[in-house]
Structure formats: structure tokens, C-alpha cells
Amino acid sequence: MSLNVGILSIQGDVQENLVSTKSAIDELGLDVKVSEVKTPDEISQLDGLIIPGGESTTIGQLSLVNGSLKILKEKIESGMPVLGICAGMIMLSKTADDRVIGKTDQPLLDILDIKLERNSFGRQKESFESDISMNSIGIPKFNGVFIRAPSVSDVGSGVEILSKFNERIVAVKKGNVIGTAFHPELTEDTSLHKYFVNLIKASKN
Amino acid sequence: MLPLSGERRDAKGIVYEKMNSSNILRGSSTLKRGFAHMLKNGVVMDVTTVEQAQIAEEAGAVSVMVLDKLPSEVRKVGGVARTASIRIIEDIMDSVTIPVMAKCRIGHVHEALVLQETDVDMIDESEVLTPADEFHHIWKWDFTTPVVNGARSLAESLRRIEEGASMIRTKGEPGTGNVAEAVTHIKKLNDELRIIKGIYDSGDNQDLVRIARDFKVSYDIVEQTAKLGRLPVVNFAAGGIATPADAAYLMSLGCDGIFVGSGIFNADDAKQRAKAIVLATTFWNETDKVKEAQKMIDERQSMLGLDVKTLELRMQDRGGSI
């Protein structure tokens, strides 16, 4: 059975995720189709979804405008695996405060019971690369690319912490929902994308 | 992953530090070019006040660019145009969550250093301001903050990338409300990319050497760009965009996103227009949505605009020959 994976292509680094997912599928030798998705119709046919990095306020507002926000929430709540990267993790969260501005009222999916701090490590000049690890999912060493990255300040019950950097939570998982503050699609390492594709495969079995 | 063609690993702007006990790296091409990748398919709006910046953010802009005057005003008042007031830039940085950019003059190393110190997210070395150096652009590898440059052709784009630009935008003709020049520049760039890709595919390396000499850039950057068939950095459209249809048209020509200068806050329906241009940029390939966006604006409230042929000041020529 062929699986259908989508990259939400409202705004942000869609192409890079497409390339990383394709490489992951090739390396795993699986029969998986990956494509850019935008409309509610395209989203309704997916077995798994990546919400890429970008500006969360833009992605939120525009997916609200074209009706995809509603179907995204329905699909994810009914068990579709999703990987939210940076802005994508912000989209999945319950509440997102900005480090400087404080409370924001941007549209969110309210799926993951986490509290999020936007721009947690500072502005672009403070963006950084550093090694991190996600031992519980079998990835001991990973190049974390943090760009104006958020961090998770609090997790609700049942949310597993996948990775911490300097005592701050930078990757989480609950069931089929994964969120990362860093950008695996900007590195050559496809291990997290491979893990995610396998998660989609397992969810269909 | 993203293309790192031309990257200088020994650049001064790359900083190795410790964050508590962890080794970290700042200012790498992955981080600087990567930041520009996060803006893709989005709209960056020129703003002069906190209020305009908030309108831009609410409309769904991916970033704002702070200026002292909009390009059309710069054109009207003449004199020397410089970087914006730091206090206004800081006020705007404190009132929006999206990234904040600001412009410095071409070649003005210290305006750029001041902007980096202010912690803006990206610096635009811009032809809208009066050039400070007629012979050099800034050596952008010295900066940890990413820099965007304007270009009218592949040669100009590659010269800027070799100087360390993390993003390119078309120059167009700023402050005119006339999209014609931006269209010319992106089409010329696309044609030239097709030509070098063809040469690369044919295996004629000697012809690539000739092109590198002609472009005044290294052979390596020409070869790597030819292999990719596109610029190794994100490329936005800028200069003269005034309506949702303008934005959609430039997206259809292969631009990664849109800068709007005077087009929004010079119009009488700024709030609606800001939203409409974002909508048309996101859904550029769905004509019904572009129509919906175009319907949100009133052409009678668009900025009047200028015919490029009769201009006394052609901002696009600034820094173009170097």
C-alpha cells in the first residue's frame, strides 16, 4: 500500500523538507508518495504531514483563510502523524508567548499540550548550530540548527521530552505528534525524517 | 539541506562560542541563508512607524523592513538618504514578533555594524539609500547578521553572493509603483541561469571560464550555480510592486517571495492592501484567490506611480557596475 505524505506549503522552507523526506524514503526503500499540500482537499487525503519552518503568524493566518486549519486539526486529532518544525511546532502548541512581546493571539492548532516561548534564544544574530541528542528515538547525535528558535517552557501530561539543550526543551512527542525547535531539513542528516516516515508506516499497520 | 555554494568557513562573521557547557556556532551560511529560507513564499513590507509594522504583522507579513522614509518619499525629497533612526528600529523590534530588517547604504560598513549591534534580523545593503562607496560593496562575510542585496542580473547576483550576501532580491525601480523593471530583472536572471545550465550540461567547462571572467566572479561559483540551475540563495522580487496581481505575477516568474516598498503604505487603503498582497503571494497559482485579493483593493487608491523612462534618478544603477 502506497503512503501519502504532505508538506504544508503555505509559507516557509517547504522545498527543503520535500528533499529531506524524499531522501529518507529512498534510503528506507519504501513506497511513499510525498507532495506539497495546501488545500483542505489535498490535506484530507494524507497519511502524514510535515508543517515546515517559516513564520508561524503567517502560516497560521493563511491556513485559517483557506480553511485548511480546521481539517488539519481534525486529521491530527484522529491520529494522522505530524512533524512540526520550528514554526510548525508553534502551530501545534496550545499557547505561544513571545520572549519580548509576551502574549500573542495568533491562530494555533492547540493539539500539543505544551507552553511555548517564541524567539526563545534571541534574534537572528543569536541563531546557532550545536550538537543535540534524541536518545529515546535512537538518534544519539544530531546537528541542531536553531534559527530564531522557540523552546518549550512547559509540557502537559503524556508529552514526552525528546531533547533538551541547555536545560531548555527543544523536541517533544506525544503519540504521533512530534515537534522540534530546530531544523533537520537544513542538514544532510535524514535520521529524523526517516524516523517520522517509519512512524507514518507504523500508524497504518 | 540547502546549497552552501561559495561559503567561506574561515569568515570573520562565523563565531565559535560556549553556551554554558555546549559548543555552539553562530553566523554560518546554514544559519544566515537558512533564515532567508524561512521567509520563502512570504511578503516583506517596508514600514516607517510602529503602527505600520503592526498592520504588516496582522496582515501576515513574514518580516518588516524599517526605513526613515518610504522609497517614493526618498525619491521626492532628494538629498542624502541614510539608515533609519535606531530608536525607531528598536521600538519596532519591541512591538512585533516577526523578524525586523533595516537598510544601510551601499558600502557603508559602519551603518551595517550599527544595525548588527542593534540586533536587526537582516540587513539590506540597499540602492534606495545614497551609496557611501562608489567602488565597493560591504564584505558581508565579516557579519554574523545576514545581509540581502539587490541585483539586476546573474553577474550582479553572483558578485554579491561572493561578497557574502545570504539572500538576493531584484532591484526593480524602487518607489515608482511600476513593476516593469522588476519583471525585466527576474526574466534576465532566469534567461542567464538557463544559459549557464545548458553550458554545464553540455560539459563545456571552458565556456564557463569565459562567463566567470565576463561576470567578474570565480569559476567555482559559476559552476556550482550552473549545476543547481538556480541561485544558491533565496531570491525575492522587489522594486515597484503595488498590487496583489503584481505580486502573483512575480511569484509566477520563479521569485521565492516579495518585498513591497512604497506600494502599501503609500496607498490610501494600506490595511486592506497589505492583506491582499499577502493573500496573492501565498496563493499566486490559484487565479480565483488572486482575483479575490485584487478585489480587496481599489485601483483609485493605488499609488499614482511613475514612468521609468522619464526618471531623473535610476536607483537600480547604483552599485551595479561593481
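Rules of the game
Residues numbered from 1 in each chain as written. Chains lettered and ligands numbered in written order. Predicted model: local features only at pLDDT ≥ 70, side-chain atom pairs only at ≥ 80, totals over all residues. Helix = DSSP H or I, 4+ residues; strand = E, 2+ residues; numbered from the N terminus. Rg over C-alpha atoms; globule rule 2.2 N^0.38 Å. Buried ≥ 20, exposed ≤ 12 C-beta atoms within 10 Å, placed from the backbone. Contact = placed C-beta atoms within 7 Å. Axes fitted to C-alpha atoms, helices over the stretch in contact; angles between N-to-C directions. Parallel < 35°, antiparallel > 145°, perpendicular 65-115°, else oblique. Left-handed = near helix turned anticlockwise from the far one by under 90°. Core = buried A, V, L, I, M, F, W, Y, C linked by C-beta atoms within 7 Å. pLDDT = per-residue confidence, 0-100. Right-handed = clockwise from strand over helix to strand, strands pointing away. Pairing = 2+ DSSP bridges. Arc of directions from axis to C-beta.

**Some points on the overall build of chain A**
Summing up its helical and strand segments, chain A has 6 helices and 13 strands in all. Whereas a compact globule of 205 residues would reach a radius of gyration of roughly 17 Å, chain A reaches 15 Å, a difference of no more than 12%. Seen through its principal axes, chain A has C-alpha atoms that stretch 45 × 40 × 30 Å. Out of the 205 residues in chain A, the part that is buried amounts to 56%. Put simply, of all contacts in chain A between residues at least 6 apart along the chain, 70% involve residues at least 24 apart.

**Some thoughts on the packing of helix α1 (residues 14-28) of chain A against helix α6 (residues 191-204) of chain A**
Residue and element names in this part refer to chain A. It is at 9 Å that the axes of α1 and α6 come closest, and there the two elements cross at 70°. Classified by the angle their axes make, α1 and α6 are roughly perpendicular. Helix-helix and strand crossings are classified by hand; for α1 and α6 the assignment is right-handed. Taken together, the residues of α6 that come into contact with α1 (itself represented by Ser20, Thr21, Ala24, Ile25, Glu27 and Leu28) are His193, Lys194 and Val197.

**Details of unusual backbone geometry**
Here the phi dihedral of A:Asn166 falls at roughly 50°; this positive angle occurs in a residue that is not glycine. Its place among the elements puts A:Asn166 in the loop between β11 (160-165) and β12 (168-174). Positioned with a positive phi, B:Asn20 is a non-glycine residue whose angle comes to about 50°. Tracing the backbone through its elements, the reader meets B:Asn20 in the loop between β1 (15-19) and β2 (22-26).

**Topic: helix α10 (residues 244-252) of chain B**
Residue and element names in this part refer to chain B. Taken across its 9 residues, α10 has 7 buried, putting it largely inside the fold. Those residues of α10 that are buried lie in contact with α7 (180-202), β10 (258-260), α12 (270-282) and α13 (287-295). One or two positions beyond α10, positive phi appears at Gly254, with a value near 100°.

**Focus: the nonpolar core**
Soluble globular proteins: nonpolar side chains tend toward being buried together. Residues and elements named next belong to chain B. Ranked by internal contacts, the top residues of the largest apolar core, which has 156 residues, are Met45, Ala61 and Val64. Beyond its immediate sequence surroundings of up to four residues, Met45 is in contact with Ala56, Ala61, Val64, Met65, Val260, Ile264 and Ala274. Counting residues in hydrophobic clusters, the runner-up holds 5 residues, among them Val74, Ala81, Val128 and Met315.

**Quick look at the confidence of the model for chain B**
On average, chain B scores 96 in pLDDT, and the residues at 70 or more come to 100%. Reported confidence for the predicted complex is 0.96 by ipTM and 0.97 by pTM.

**Details of the interface of chain A and chain B**
Each partner contributes residues to the interface: chain A has 37 residues there, and chain B has 35 residues. For the side of chain A that touches chain B, the secondary-structure elements that each account for two or more residues are α1, α3 (56-65) and β8 (128-134) of chain A. The element that contributes the greatest number of residues to the side of chain A that touches chain B is α3(A), accounting for 5 residues.

**Quick look at the environment of A:Thr104**
Relative to the helices and strands, A:Thr104 is located in the loop between β6 (102-103) and β7 (112-118). When the C-alpha atoms of A:Thr104 and A:Thr57 are compared, they prove to be 9.3 Å apart, with 47 residues separating the residues in sequence. When sequence neighbours within four positions are dropped, the list of residues in contact with A:Thr104 reads A:Ala96, A:Asp97, A:Asp98 and B:Thr97.

**Focus: the packing of α10(B) against α13(B)**
Residues and elements named next belong to chain B. Remark: α10 packs on α13, axes separated minimally by 8 Å, with the N-to-C direction vectors making an angle of 150°. Looking at the two axes, α10 sits roughly antiparallel to α13. Counting all contacts with α10, which are made through Pro244, Ala245 and Ala248, the residues of α13 involved are Val290, Ala293 and Gln294.

**A short note on the environment of B:Gly177**
Tracing the chain through its elements places B:Gly177 in the loop between β8 (167-170) and α7. When sequence neighbours within four positions are dropped, the list of residues in contact with B:Gly177 reads B:Gly240, B:Ala242, B:Ser262, B:Gly263, B:Ser302, B:Met303, B:Leu304, B:Gly305 and B:Leu306.

**Observations regarding the pairing of β8(B)**
Residues and elements named next belong to chain B. Residues Met167 and Arg169 of β8 are buried on one face, and the alternating residues Ile168 and Thr170, pointing to the opposite face, are buried as well. One crossover worth recording links strand β7 (residues 147-151) to the parallel β8 by way of helix α6 (residues 154-162), and it is right-handed. Pairing analysis gives 3 bridges linking β8 to strand β9 (residues 234-236), with the strands arranged parallel. When the bridges of β9 are listed, Ile168 appears paired with Asn235.

**Description of helix α5 (residues 109-118) of chain B**
Residue and element names in this part refer to chain B. When we look at burial in α5, the residues that qualify are Glu111, Ala112, Leu115, Gln116 and Thr118. One face of α5 carries all of its buried residues, which in axial projection span an arc of 160°. Of the exposed residues in α5, the ones pointing more than 90 degrees away from its buried face are His110 and Glu117. Structurally, α5 contributes buried residues whose contacts are with α4 (86-93), β5 (100-105) and β6 (122-126). Among the residues trailing α5, Asp119 stands out with phi positive, at a value near 80°.

**As for the pairing of β12(A)**
All names here are of chain A. Of all 7 residues making up β12, 5 are buried, and the element is well covered by its neighbours. In terms of strand pairing, β11 meets β12 through 5 bridges, oriented antiparallel. Bridge pairing in β12 places Glu160 opposite Lys173. The hairpin formed by β11 and β12 contains 2 residues between the paired strands, and Asn166 there has a positive phi angle of roughly 50°. By the bridge criterion, 4 bridges tie β12 to strand β13 (residues 177-180) in an arrangement that is antiparallel. Within the sheet, the bridge partner assigned to Lys173 lies in β13 and is Ile178. Linking β12 to β13, which pair antiparallel, is a turn of 2 residues; within it Gly175 sits at a positive phi near 60°.

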